[in-house]
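A look at the structure
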Amino acid sequence: GNWQVSRFVGDEARRMDGDSARGLAAFVATIATGLNRRRDEWLYAAEEHKTFGGGAVERNEHERYYNRLVNNEAAKFDKEYLPTAADIESAKQQPGGICVVSIVACLEGDVADIFQAAPSSTSALRDALTDLAGAAQIDDGYNLYNAEVLWTPSSPDETLLREDVILDFPELMAL
């Protein structure tokens, strides 16, 4: 259920060695692999990507794009929400509610084809997560410029319902 996924991501985030490229790459690979192990729980997926040529990289356009993606995703998660009694009752009928995990990664190389098909099927999402785990660890993690993993709910007393997901994450496509 959602709390097992949320707890898994939170536990891995607390254990992560964020002081090294290898540590960040291992964290991203662990999250991608862990989510792959839970593919029977997947409901939705989305992806956004952009490839930058050499001149754009020198102008740090990839960093601006990455930061924009992270900030856009974080804004969705920072909204405080207290479920009503009806929401809580509804969550009991949808065991555990829903957990949304967003992985924003800035990788070296033209890897857009890894992610492009991800929202089209569970097998495409499985392949994208597998490829992300592998690509992140190339060159001892230095292939991964930066990454952010965001998830909600982050507490067992929070509930995210299908209606909330549709409202807050309109880019998600049903698998």
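This report concerns the structure included in the present document. Every value quoted in this text rests on a predicted model; they were computed, and no experiment measured them.

Take the overall build of the protein next. Looking only at helices and strands, the protein has 8 helices and 4 strands in total. Starting at the N terminus and walking to the C terminus, you meet the elements of the protein as α-α-β-α-α-α-β-α-α-β-α-β. Looking at the protein residue by residue over its 175 residues, the buried ones come to 40%. For the protein, contacts bridging at least 24 residues in sequence account for 80% of all contacts bridging at least 6. For the protein, the computed accessible surface area is about 10000 Å², with 49% contributed by carbon and sulfur atoms.

One finds Ile31, Leu107, Phe115 and Leu144 to be the most contacted residues of the largest nonpolar core, which totals 29 residues. Taken together, the elements giving at least two residues each to this core come down to α1 (2-15), α2 (21-36), α6 (112-115), α7 (122-136) and β3 (144-152). In this structure, Ala74, Phe77, Leu150 and Leu160 belong to the second largest nonpolar core, which totals 9 residues.

In this structure the tally under the stated criterion is 1 aromatic pair. Plain terms: the ring middles of Phe52 and Tyr65 are 5.7 Å apart, the flat faces sit at 65° to each other, and that makes the pair edge-to-face. Of this pair, Phe52 sits in the loop between β1 (44-45) and α3 (54-58) while Tyr65 sits in helix α4 (residues 61-77); the two residues are 13 residues apart in sequence, bridging distant segments of the chain. Classification of Tyr65 as buried rests on a relative accessible area of 14%. Sitting over the ring of Phe8, Arg38 keeps its end group 4.6 Å from the ring centre.

Attention now moves to the pattern of salt bridges. Enumeration over the complete set of coordinates arrives at 7 salt bridges. Salt-bridge contacts for Arg14 lead to Asp11; the nearest nitrogen and oxygen are separated by 2.7 Å. Of this pair, Arg14 and Asp11 both sit in helix α1, separated by 3 residues, roughly a single helical turn. Here Asp11 falls in the partly exposed class, since its relative accessible area comes to 27%. Note that Glu12 and Arg15 form a salt bridge whose closest N and O atoms lie 2.7 Å from each other.

Contact geometry for α2 and α7: axes closest at 8 Å, N-to-C directions at 160°. The angle between α2 and α7 falls in the class roughly antiparallel. At the point where α2 passes α7, the crossing takes the left-handed sense. Here Ala25, Val28, Ala29, Ala32, Thr33, Leu35 and Asn36 of α2 lie close against α7, whose contacting residues are Arg126, Leu129, Thr130, Leu132, Ala133 and Ala136. In the contact of α2 with α7, the residues fall into 9 nonpolar, 3 polar and 1 charged.

To continue, consider α2. Counting along an α-helix, one turn takes 3.6 residues, and residues three or four places apart therefore face a common direction. A rise of 1.5 Å per residue sets the reference length of α2, with its 16 residues, at 22 Å; its end C-alpha atoms lie 22 Å apart and thus fit the reference within 8%. Of the positions making up α2, those classed as buried are Gly23, Leu24, Ala25, Phe27, Val28, Ala29, Ile31, Ala32, Gly34, Leu35 and Asn36.

With that settled, the discussion passes to the environment of Gly34. Mapped onto the elements of the fold, Gly34 is located in helix α2. Separated by 29 residues in sequence, Gly34 and Val5 place their C-alpha atoms 8.6 Å apart.

Let us look at α4. The end-to-end C-alpha distance of α4, which contains 17 residues, comes to 25 Å, matching closely the 24 Å that a straight helix rising 1.5 Å per residue would cover. On the buried face of α4, the contacting elements are α3, β2 (100-107) and β3.

The rules behind each value
Residues numbered from 1 in each chain as written. Predicted model: local features only at pLDDT ≥ 70, side-chain atom pairs only at ≥ 80, totals over all residues. Heavy atoms only, no water. Helix = DSSP H or I, 4+ residues; strand = E, 2+ residues; numbered from the N terminus. Buried < 20%, exposed > 50% of the residue type's maximum accessible area, 1.4 Å probe, protein only. Contact = heavy atoms within 4.5 Å. Areas by Shrake-Rupley, 256 points an atom, 1.4 Å probe, with all protein chains shown as cover. Core = buried A, V, L, I, M, F, W, Y, C linked by side-chain atoms within 4.5 Å. Phe/Tyr/Trp six-rings, centres within 6.5 Å; stacked < 30°, edge-to-face > 60°. Lys NZ or Arg CZ within 6 Å of the ring centre and 35° of its normal. Salt bridge = Lys/Arg side-chain N within 4 Å of Asp/Glu carboxyl O. Axes fitted to C-alpha atoms, helices over the stretch in contact; angles between N-to-C directions. Parallel < 35°, antiparallel > 145°, perpendicular 65-115°, else oblique. Left-handed = near helix turned anticlockwise from the far one by under 90°. Nonpolar A, V, L, I, M, F, W, Y, C, P; charged D, E, K, R; others polar. Expected span 1.5 Å × (residues − 1).

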